[in-house]
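If you want the building blocks of each chain, they are given just below.
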Amino acid sequence: MNNFSYQKGTTASEVIGKATFLAGGTNLIDLLKYNLASADTLIDINAIPDYHQIEEIEDGIRLGALATNADTAYHPIIEQRYPLLSKAILAGASAQIRNMATNGGNLLQRTRCYYFYDAHAPCNKRVPGSGCSAIPGYNRNMAILGTSDQCIAVFPSDMCVALAALDAVINISGPAGERKVAFADFHRLPGDTPELDNNLQLGELITGIDLPLKGFEKNYSYLKLRDRSSYAFAMISVATGLELEAGLIKEARIALGGVAHKPWRMKEAEDYLHGKEPNKENFAAAADIILEGAVGYTHNAFKIELAKRAIIRNGMMAMDPSSHLTGAQPSA
Ligand SMILES: Cc1cc2nc3c(=O)[nH]c(=O)nc-3n(C[C@H](O)[C@H](O)[C@H](O)COP(=O)(O)OP(=O)(O)OC[C@H]3O[C@@H](n4cnc5c(N)ncnc54)[C@H](O)[C@@H]3O)c2cc1C
Ligand code: SF4
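Basis of the calculations
- Residues numbered from 1 in each chain as written.
- Chains lettered and ligands numbered in written order.
- Predicted model: local features only at pLDDT ≥ 70, side-chain atom pairs only at ≥ 80, totals over all residues.
- Heavy atoms only, no water.
- Helix = DSSP H or I, 4+ residues; strand = E, 2+ residues; numbered from the N terminus.
- Contact = heavy atoms within 4.5 Å.
- Near = heavy atom within 4 Å.
- Polar contact = N/O pair within 3.5 Å; in protein donor to acceptor, adjacent residues only side chain to side chain.
- Areas by Shrake-Rupley, 256 points an atom, 1.4 Å probe, with all protein chains shown as cover.
- Nonpolar A, V, L, I, M, F, W, Y, C, P; charged D, E, K, R; others polar.
- Core = buried A, V, L, I, M, F, W, Y, C linked by side-chain atoms within 4.5 Å.
- Buried < 20%, exposed > 50% of the residue type's maximum accessible area, 1.4 Å probe, protein only.

Caption draft 1: Main features of the environment of Gly60. Along the chain, the position of Gly60 falls in strand E5 (residues 60-64). Separated by 253 residues in the primary sequence, Gly60 and Arg313 place their C-alpha atoms 29 Å from one another. Apart from residues lying up to four places away in sequence, Gly60 is in contact with Glu55, Tyr82, Leu211, Pro212 and Leu213.

Next comes the structure, spelled out in structure tokens:
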């Protein structure tokens, strides 16, 4: 039994600079129970009134960090103007978890690498320098892009794949003041410091996530491939947003989940699609660019071909969003 004290914060200034924040608790409490995280003090941030809203701002929409995943996915503005995000959120977890999970917490959830969750297995992310059990071990769910010889874990969020495609911006308040971080710069690749998932500093509070005006509401699709159709993390996921002009692609965004330590985007592939017809051949060529340098391990090399096919299929689905199956996740 590890004792900790529990405090309730009611203003941001009261909690900033302190550790460890408790939001929905859907990841943190499990980590504490399995002895994979520890805290002397848990500071519950749910009573801070400022960050629960989803509101219009001058150049887009701000998602409060404490708004739940469910309230975000079903918000009329998100459903109508950012359906890619709504669909990605609803592809994750279960209805019960989405009712508790917050937007800020979703960005900071930890990997689902089996060995990370086994306190007896060597794991550089959990105990730096102890080794990586996944590289020689069972690595079916692991990364194929951006890996290092220290860690091949993937970041498991669905929501964040859509946020990456939408070029979201994260608002952070910390002891040194406020700052904004582009989504692409928030999560990290493992390199030599796999223990760091992202660039949030100790004591910093995520206050909101800004979505730019462009929501790709006409041509979008989120495709999640997984071992079970319900209540499972992505083997591969793809968020695609297309803007068309006279039948050609004016702008393309493609982000992959389940393949790397962060949502994966490749500007060269999106630039390649500019001015092209939205057809299978062009999405296949873009997929080749995105997956350039992909490396498979003993049990997951199939993910390279699977990712290519998913990119092509999702590109075609983005051309006809009305044909999508419902994104809502069946209950567990
Ligand atoms: C069984 C199960 C299945 C799941 N399936 C999926 C899935 O398919 N797809 C998917 O995307 N997710 C899935 N999830 C993960 C779920 O989405 C996350 O657990 C959830 O989003 C985390 O949000 P939370 O508010 O509960 O975070 P918490 O657990 O409260 O916190 C997580 C971390 O974030 C920190 N934190 C929280 N808010 C802030 C803030 N505002 N500022 C700074 N730090 C903060 C906490 O200190 C903690 O370190 C699943 C979870 C479970 C338990
Ligand atoms: S892949 Fe990363 S998280 Fe998994 S065992 Fe290796 S170091 Fe740990």
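Caption draft 2: Quick peek at the site of ligand 1. Phe21, Gly25, Thr26, Thr102 and Asp158 are the nearest of the 33 residues found near ligand 1. Here Ala23 contributes a backbone N or O atom positioned 3.0 Å from an oxygen atom of ligand 1. Gly24 places a main-chain nitrogen or oxygen 2.8 Å from an oxygen atom of ligand 1. Protein coverage of the free-state accessible area of ligand 1, which is 970 Å², stands at 91%. Taken together, the elements giving at least two residues each to the shell around ligand 1 come down to helix H7 (103-108) and strand E8 (205-212). Per element, the largest residue contribution to the shell around ligand 1 is four residues, and it comes from H7. Per-class residue counts for the shell around ligand 1 are 16 nonpolar, 13 polar and four charged.

Caption draft 3: Inspection of the site of ligand 2 at higher detail. In the region of ligand 2, 13 residues are neighbours, and Cys113, Cys123, Cys132, Cys151 and Ile152 sit closest. Residue composition of the shell around ligand 2, grouped by class: nine nonpolar, three polar and one charged.

Caption draft 4: View of the nonpolar core. Ranked by size, the top nonpolar core spans 40 residues in total, and within it Leu63, Leu85, Leu107, Leu163 and Leu211 carry the most contacts. Mapped by element, the contributors of at least two residues to this core are E5, helix H4 (76-81), helix H5 (83-90), helix H8 (159-165), strand E6 (169-174), E8 and strand E9 (219-225). Sorting elements by how many residues they give to this core places H8 first, with seven residues. Once residues within four sequence positions are removed from consideration, Leu63 is found in contact with Gln53, Ile54, Thr72, Ile78, Leu85, Asn103, Met159, Leu163, Thr207, Gly208, Ile209 and Leu211. Counting 30 residues, the second-largest nonpolar core is a separate cluster that includes Leu145, Met235, Met266 and Ile304.

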